[in-house]
Amino acid sequence: MAEPLVEAVGVARTFAGPPPVTALREANLHVHGGELVAIVGPSGSGKSTLLNLLGLLDTPTAGELRLAGRAVHGLPERTRTALRARRIGFVFQAFHLVAHLDCVQNVMLPMVHSGQSRTGRRARAVAALESVGLGHRTAARPATLSGGERQRVAIARAMVHEPVLLLCDEPTGNLDQNATLAILALLRETVGPQRAVVVVTHEQAVREVADRTLEVRDGRVG
C-alpha cells in the first residue's frame, strides 16, 4: 500500500498551565489518498487540537507527524507555513469569507503570494467556482449568498491551489439538510488518488459518506 498522505505516531499536545492541560494523548492515525475520514467525539475531546496539528497550525509536544512522507513536527514555523499554503486546504463552519470581496476575489486570496499574474489567479479562481457549481455567481458578495453557497465558495477557495489534504471543521454545522447533503456530495467528489479529506463533525450524515470514522475521546484517538 502507498504511504499515507498524513500520519501521526504517538502525537500529544499539552498546553502550559497552571495547571498544564493535555488535550491530546499519544494519538495514532493515518489517512491515505482517496479517503474521506470523519473525526467524531464530544466537545472538548481533542478533535480541534488534532485538526490543528494535522493542518500544521500547531506543533505537537511529543510524537511524530508526517505529511506526504515528510516529517513536519520539528520544522521551523516559516517552513511549516509554506507547506501549509501549498499542500493543505481548510474549510470552516463559519465560512470565513471576506464580506467586501466578491466570490472570485475571496477564492483568489490563497494565491496572493503564489507568483502568478492577477489574470492567472483570476482564471484559476473562476475555474474553482465553476467546479463547485457557482460559475454564475462569480461577482456576488457573500451577503447575497445562501449558507450552502457560501460554503461552496469556501470549498473553492480551499481547493484552488490543489492541496493534497483538505481539512474541514464542522463544514455543515450551519446548513440545512438539503445544503448539507449537497456539500457532502461535493466533498466526496474532491477526494482523489492523491488527495484526502478529513472532516471533524457531530453529524451522522457525514459519517454515512465517510470511508472511515475515528473517535476522539479524552484526548485519545480510537
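This section reports on the structure supplied with the text. Note that the structure is a prediction, hence the values are computed from the model and not measured.

**Regarding the sheet that holds strand β5 (residues 70-71)**
Move 1: Pairing is antiparallel in the open sheet, where four strands are placed in the order β2-β1-β4-β5. Looking at the sheet topology across the chains shown, the edges are occupied by β2 (21-31) and β5.
Move 2: Contacting β1 (6-15), β2 and β4 (62-67), helix α1 (residues 47-54) runs over the sheet at an angle of about 55° to β2.

**Side note on the state of the cysteines**
Move 1: All told, the structure shown has zero disulfides when counted by the stated rule.
Move 2: Take Cys103: it sits in no disulfide, and the sulfur closest to it among the cysteines is that of Cys168, at 18 Å.
Move 3: Residue Cys168 is classed as buried on the basis of its relative accessible area, which comes to 0%.

**What to know about the packing of aromatic side chains**
Aromatic ring pairs are described here by two measures, namely the spacing of the ring centres and the angle between the planes.
Move 1: Within this structure, the stated rule accounts for one aromatic pair.
Move 2: Over the ring of Phe15 we find Arg13, and its NZ or CZ is 4.2 Å from the ring centre.

**Description of the pairing of strand β8 (residues 196-200)**
Move 1: Most of β8 is tucked away: five of the five residues are buried.
Move 2: Of the two faces of β8, the one carrying Ala196, Val198 and Val200 and the one carrying Val197 and Val199 are both buried.
Move 3: The pairing of strand β3 (residues 36-40) with β8 spans four bridges and is parallel. Bridge assignment links Ala38 to a residue of β8, and that residue is Val199.
Move 4: By the bridge criterion, five bridges tie strand β7 (residues 165-169) to β8 in an arrangement that is parallel.

**Details of the nonpolar core**
Move 1: One finds Val107, Leu129, Val153, Ile155, Leu166 and Leu187 to be the most contacted residues of the largest nonpolar core, which totals 37 residues.
Move 2: Contributing elements (two or more residues each) for this core: β3, α3 (103-108), α4 (118-131), α5 (147-159), β7, α6 (177-190) and β8.
Move 3: If one sorts the elements of this core by residue count, α5 sits on top with six residues.
Move 4: When neighbours within four sequence positions are excluded, Val153 is seen to be in contact with Leu97, Cys103, Asn106, Val107, Leu129, Leu134 and Leu145.
Move 5: If you look at the next biggest cluster of nonpolar residues, it comprises 31 residues, including Val6, Leu24, Val37 and Leu50.

The rules behind these values
- Residues numbered from 1 in each chain as written.
- Predicted model: local features only at pLDDT ≥ 70, side-chain atom pairs only at ≥ 80, totals over all residues.
- Heavy atoms only, no water.
- Pairing = 2+ DSSP bridges.
- Helix = DSSP H or I, 4+ residues; strand = E, 2+ residues; numbered from the N terminus.
- Contact = heavy atoms within 4.5 Å.
- Axes fitted to C-alpha atoms, helices over the stretch in contact; angles between N-to-C directions.
- Disulfide = S-S within 2.5 Å.
- Buried < 20%, exposed > 50% of the residue type's maximum accessible area, 1.4 Å probe, protein only.
- Phe/Tyr/Trp six-rings, centres within 6.5 Å; stacked < 30°, edge-to-face > 60°.
- Lys NZ or Arg CZ within 6 Å of the ring centre and 35° of its normal.
- Core = buried A, V, L, I, M, F, W, Y, C linked by side-chain atoms within 4.5 Å.

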